[in-house]
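# Per-entry structural report
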Amino acid sequence: MRINVLLISKMERNIGALKSMIDDEDIFVLGDSPGGSAALDKIENTSPDIIIMTLGAGDTDVLNLAERIILHRPRTFVILAAENLDVETMQSAVNAGCHNITEFPKSPKEFAEYIKSVYHNESIRIKSLSQKESLLWSSTVITVFGAKGGLGKSTISANLAVKLAEKHKKVALIDLDLQFGDLHIFLDIEPKDTITELVQDVITPNIDSVRSYMAVHSSGVHVLCAPKSPEYAELVSAEKIQSLLSLLRTYYDYVIVDTAPSFSEVTMTAIESSSIIFFVTGLDISILRNSKLSVSILESLQQTEKIRVIVNRAVDMHSITINDVQKIIGYPIWAKLPSDYKVAVNALNRGVPFVVGAPGSKISQSISGLVDILISGGTNKTVLEKEKKVNRKISLFKKK
Ligand SMILES: Nc1ncnc2c1ncn2[C@@H]1O[C@H](COP(=O)(O)OP(=O)(O)OP(=O)(O)O)[C@@H](O)[C@H]1O
Ligand SMILES: [Mg+2]
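The structure displayed is predicted, hence computed values, not measured ones. (Residues numbered from 1 in each chain as written. Chains lettered and ligands numbered in written order. Predicted model: local features only at pLDDT ≥ 70, side-chain atom pairs only at ≥ 80, totals over all residues.)

### Let's talk about the sheet that holds strand β4 (residues 77–82)
To keep things clear, this is the line we draw: Two strands form a pair only when DSSP identifies at least two bridges running between them. Labels follow the DSSP assignment, with helices taken as runs of H or I lasting at least four residues and strands as runs of E lasting at least two, numbered in each case from the N terminus. The axes used here are C-alpha line fits, helices contributing only the stretch in contact, and every angle between their N-to-C directions lies in the interval 0 to 180 degrees.
The strand order across the open sheet formed by five strands is β2-β1-β3-β4-β5, and the pairing between neighbours is parallel. Each edge of the open sheet carries a strand with a single partner, namely β2 (27–33) and β5 (101–103). Taken over all neighbouring pairs, the strand axes of this sheet differ in orientation by 25 degrees on average, direction set aside. Pairing analysis gives three bridges linking β4 to β5, with the strands arranged parallel. Bridging across to β5, Ala81 finds its partner in Thr102.

As structure tokens, then:
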């Protein structure tokens, strides 16, 4: 991601102060301007993504310029940084059509998060405007579950979330592997707060309080990280998770929940609160045995309608085929992801999801395919149906 910004302020010292608050590898300052017609030329010549303007008391010229930009360049987003953010200033900004108004930044990290969230939200709004039909006005909660450790649940959760955000969806990623959650490693984030601090500090959560405990990944995904140490896991109750998920679904298009490989109360609550369960399995007999047992538990909880089976690390083998997996688990295989140790481990070690770091790899393209199906709301033809078609084509070809 690269966000190009232009700074506008009459006061040199404000420009300097803003510059000192921009220190992020994704945000680039294209230049600055004191305002007026010089600013219009600068905007025309540099085409910034975001214009940050300082706003002092009685700065009607600043508000007039902001209004012009908002009306005439809707793809250039305006942020007003107010020296004194009182009700009157807010009202005047709103009257000028600007709804991204903030206090003068206090720390580069917070300012970077603010700029990124404005960029992300405004991009979604602009994209929705250009679509004739309004987008699906509902939220999808996906729990990624698997009957064993190491199946690729976190790999799938992280890449899925980032790919959805790339498609301008608002995405929350929740690490519910409360003892050993490692999504922050997949995404190279060092969380200040985690789910533990959230449930301890906030008694009646609202979306703003919850968001303040989430880290913002450079893709725009909001991540609620797992506790920093396993002993804090017990502080997070199933009831808290239930209310957290029902709150998050009011705000995000997609809430992706990564889980630990066990049927804890917290995991069951996530599963019951979801609209889709990505049930990750693999091609070995021990995984399949555990998968079969887990599916029967999901059956007894009446959750089977939501199951989408994903075979990870699918390689062509003679001992177990996709067909066998379907027979053993008793559910159609919804998708399969190829095995690619190099790409997967490299992504994890670098903390850059492969959909970003190796977008051309087969495994990334499989994730992209999944995301397209999810977004279109369509159902994936199961892998077996697709393979039958391919086989039919091959046999027709052979006959010729
Ligand atoms: N399709 C794949 N091909 C090759 N390696 C993979 C693939 N998917 C995941 N891996 C690798 O397998 C390892 C385990 O993956 P991951 O951590 O995502 O599993 P998990 O199910 O979340 O495990 P846990 O239950 O321990 O949290 C990682 O090193 C990951 O890079
Ligand atoms: Mg994991």
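### Regarding the nonpolar core
This is how the line gets drawn: Take the buried Ala, Val, Leu, Ile, Met, Phe, Trp, Tyr and Cys residues, join any whose C-beta atoms are within 7 Å, and the set you get is a nonpolar core. Counting other C-beta atoms within 10 Å of its own, a residue is labelled buried from 20 upward, exposed at 12 or fewer, and partly exposed in the gap between, with every C-beta atom placed from the backbone. Residues are treated as contacting if the C-beta atoms built from their backbones sit within 7 Å of each other.
With 78 residues, the main nonpolar core has Ala161, Val171, Val255, Ile256 and Ile310 as its most contacted residues. Here the element with the most residues in this core is helix α6 (residues 153–166); it accounts for seven residues. Filtering out sequence-adjacent residues up to four positions away, Val255 remains in contact with Ser139, Val141, Ala172, Ile174, Leu245, Leu248 and Arg249. With 35 residues, the next largest nonpolar core counts Leu7, Ile79, Ala81 and Tyr119 among its residues.

### A closer look at the sheet that holds strand β7 (residues 171–176)
The eight strands are arranged β8-β9-β7-β10-β6-β11-β12-β13 in an open sheet whose pairing can be described as mixed. Two strands bound the open sheet, and with one partner strand each, they are β8 (215–216) and β13 (333–338). The pairing of strand β11 (residues 276–281) with strand β12 (residues 307–314) spans five bridges and is parallel. By the bridge assignment for β12, Phe279 is matched with Val309.

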